[in-house]
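# Observations on the three-dimensional arrangement
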Amino acid sequence: MSANPPVKHHYIPQFLLAQWAVNDGKLWRFLRPIPGKIVTKLVAPAEIGYENHLYATPGLPAEKAQQVEQHFMSRLDAQAAEAHQLLLQGKAHQMPQKQRSAWSRLIMSQWFRTPDGLRYFKEAMKLVLTARDEALNIRYAEVKKEGYPDSLEDVIAMMGPEFAEQAAMDLFRKMTDDPKNGLRLNNMQWFIIETIEEPEFLISDAALQQSKAGIFSPKGYITMPIAPRKLFVAVNEIGVAKAIDDLPREDLVAGNNGAVVRRASLFIGATDLSQEPFITANFGEEEHSTMIKSLLDRYRADVGVHAGATA
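Residues numbered from 1 in each chain as written. Predicted model: local features only at pLDDT ≥ 70, side-chain atom pairs only at ≥ 80, totals over all residues. Heavy atoms only, no water.

### Topic: the pairing of strand β8 (residues 221-227)
Burial within β8 is extensive, with six of its seven residues counted as buried. Of the strand pairs in this sheet, strand β7 (residues 209-210) and β8 are connected by two bridges, and their pairing is antiparallel. Looking at β8, one finds that Gln209 is bridged to Thr223. Summarising the sheet, β8 and strand β9 (residues 230-235) pair through six bridges and their orientation is antiparallel. Pairing of Met224 across the sheet is with Phe232, part of β9. (Buried < 20%, exposed > 50% of the residue type's maximum accessible area, 1.4 Å probe, protein only. Helix = DSSP H or I, 4+ residues; strand = E, 2+ residues; numbered from the N terminus. Pairing = 2+ DSSP bridges.)

### Some words on the sheet that holds strand β5 (residues 189-194)
Strand order in the open sheet formed by four strands is β5-β9-β8-β7, and the pairing between neighbours is antiparallel. The open sheet has two free edges, formed respectively by β5 and β7, since each of these has just one partner strand. Where helix α11 (residues 249-262) meets the sheet, its contacts fall on β5, β7, β8 and β9, and the angle it forms with β5 comes to roughly 105°. (Contact = heavy atoms within 4.5 Å. Axes fitted to C-alpha atoms, helices over the stretch in contact; angles between N-to-C directions.)

### Considering the packing of helix α5 (residues 115-130) against helix α8 (residues 163-176)
Where α5 contacts α8, the two axes come as close as 9 Å, and the packing angle between them is 120°. As far as their axial angle goes, α8 and α5 are oblique. Seen from above, α5 lies across α8 with right-handed handedness. Residues Leu118, Phe121, Lys122, Met125, Lys126 and Leu129 of α5 form the contact with α8, whose participating residues are Phe163, Ala164, Glu165, Ala167, Ala168, Met169, Leu171, Phe172 and Met175. Its residues assigned to classes, the contact of α5 with α8 comprises twelve nonpolar, no polar and three charged. (Parallel < 35°, antiparallel > 145°, perpendicular 65-115°, else oblique. Left-handed = near helix turned anticlockwise from the far one by under 90°. Nonpolar A, V, L, I, M, F, W, Y, C, P; charged D, E, K, R; others polar.)

### Quick notes on the side chain of Ser109
Of note, Ser109 is situated in helix α4 (residues 97-110). On the basis of relative accessible area, Ser109 is assigned to the buried category, the value being 0%. Beyond its immediate chain neighbours, meaning those up to four positions away, Ser109 contacts Met73, Leu76 and Thr176.

### Notes on the sheet that holds strand β3 (residues 37-43)
Hydrogen bonds between backbone groups are what pair the strands of a sheet, and the pairing can be parallel or antiparallel. Ordered by their spatial adjacency, four strands build an open sheet running β3-β2-β10-β6, and the pairing between neighbours is antiparallel. Pairing within the sheet leaves two strands with one partner each, and these edge strands are β3 and β6 (203-204).

### Concerning the packing of helix α3 (residues 67-88) against α8
Taken N-terminus to C-terminus, the directions of α3 and α8 make an angle of 20°; their axes are 12 Å apart at the nearest point. The orientation of α3 with respect to α8, classified from their angle, is roughly parallel. By crossing handedness, the relation of α3 to α8 is classed as left-handed. From α3, Val68, Phe72, Met73 and Leu76 reach across to α8, where they touch Met169, Phe172, Arg173 and Thr176.

### Here we look at the side chain of Asn257
Structurally, the position occupied by Asn257 is in helix α11. Judged by relative accessible area, which is 2%, Asn257 ranks as buried. A distance of 2.9 Å separates the side chain of Asn257 from the backbone nitrogen of Leu202, its partner in a polar contact. Ignoring anything within four residues of it in the chain, the contact list for Asn257 reads Glu200, Phe201, Leu202, Gln275 and Phe278. (Polar contact = N/O pair within 3.5 Å; in protein donor to acceptor, adjacent residues only side chain to side chain.)

### Let's talk about the pattern of salt bridges
A side chain of one charge can pair with a side chain of the opposite charge when the charged atoms of the two come close. Overall, the coordinates contain 13 salt bridges when judged by the stated rule. With a closest N to O distance of 2.4 Å, Glu47 and Lys8 form a salt bridge. Of the two residues, Glu47 is situated in the loop between β3 and β4 (50-52) and Lys8 in strand β1 (residues 8-10); the sequence distance between them amounts to 39 residues. Shared partners join several salt bridges into a network, and the residues in it are Asp170, Arg173 and Lys174. (Salt bridge = Lys/Arg side-chain N within 4 Å of Asp/Glu carboxyl O.)

### Examining the packing of aromatic side chains
Evaluation of the coordinates by the stated rule reveals eight aromatic pairs. Ring geometry for Trp103 versus Phe232: centroids 5.8 Å apart, planes at 70°, classification edge-to-face. Taken together, the residues Trp103 in helix α4 and Phe232 in strand β9 connect sequence positions 129 residues apart. With respect to burial, Trp103 and Phe232 carry one shared label: buried. A centroid spacing of 6.4 Å and a plane angle of 80° characterise the contact between Trp111 and Phe216, whose relative ring orientation is edge-to-face. In this pair, Trp111 is assigned in the loop between α4 and α5 and Phe216 in the loop between β7 and β8, connecting sequence segments 105 residues apart. Taking the relative accessible area as the measure of exposure, Trp111 reaches 4% and is therefore buried. Through a chain of ring-to-ring contacts, three or more aromatic side chains come together here, namely Tyr55, Trp111, Phe112, Phe121, Phe172 and Phe216. (Phe/Tyr/Trp six-rings, centres within 6.5 Å; stacked < 30°, edge-to-face > 60°.)

### Thoughts on the nonpolar core
Tyr55, Trp103, Ile107 and Phe172 are the most contacted members of the largest nonpolar core, which has 52 residues in total. Elements with a minimum of two residues in this core: α1 (14-17), α3, α4, α5, α8, β8 and β9. When residues of this core are assigned to their parent elements, the largest contribution, nine residues, is made by α3. Residues within four places of Tyr55 in sequence aside, it is in contact with His9, His10, Tyr11, Ala65, Val68, Glu69, Met73, Arg113, Leu118, Met169 and Phe172. One finds Ile193, Ala241, Ile244 and Leu252 within the second-largest nonpolar core, a separate group that totals eleven residues. (Core = buried A, V, L, I, M, F, W, Y, C linked by side-chain atoms within 4.5 Å.)

What follows is the structure, given as structure tokens:
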């Protein structure tokens, strides 16, 4: 392992951000440090879309704490970068299986890998581990030996205060490389929409967008800008692909940028300042209801119902 593991962990890959870096290798970064205030700055891709030690696993020795970033995320992004080049070249339908699977892993990572996503993931894991499950405790009582803790909750408590985060990071890695969902994504129909004269696509921490009907439902779809004038689209039905492709390009760009900007919570990236008024008026105005956020909300509700029933 490197003596100096990387500190900056990117939740939006640098190879993707680099497409917007057309100003001597820099792109415009929009931040909202407080509501109503937008700060802009030209920055290199390395200075945007990251958080220090984002994928670090707490409680592990120094040589293992950064293993998710060094041995998983960096490799995932390097492989996805190859797929990205093929997509830019218009080869969505001719992509080798290796690169197609790499792009699917990138998509799956975007469900969880942002700072908000990981925070939700860790909270969900903590709720799962601390909520009392009577059926499991009955089974535990049947098999536990003399001297064992009285309940599963006691067992988990013995693991230490960082056990939930450690378990969350382990599950995060497994779900990002989930073969079942990876195959489903591979089997979707992929295509690229390119624009010419319309305003450019913007990028943010909410770059990946998906249908409310569910990604893998018949009407499901995914969109993500992969360059200022190129939008990646994946669908399950040809009719959905036709409906998206038939949209006037100006409406398509406006709709996608509206979601990317309104659901952003951390940053927005652009090649220039031409859309600054739109960004200022809409930055973070809508909650980004991601897959992991929906899962956490269900866990929160379950704990609330259980607490009310046993009060």
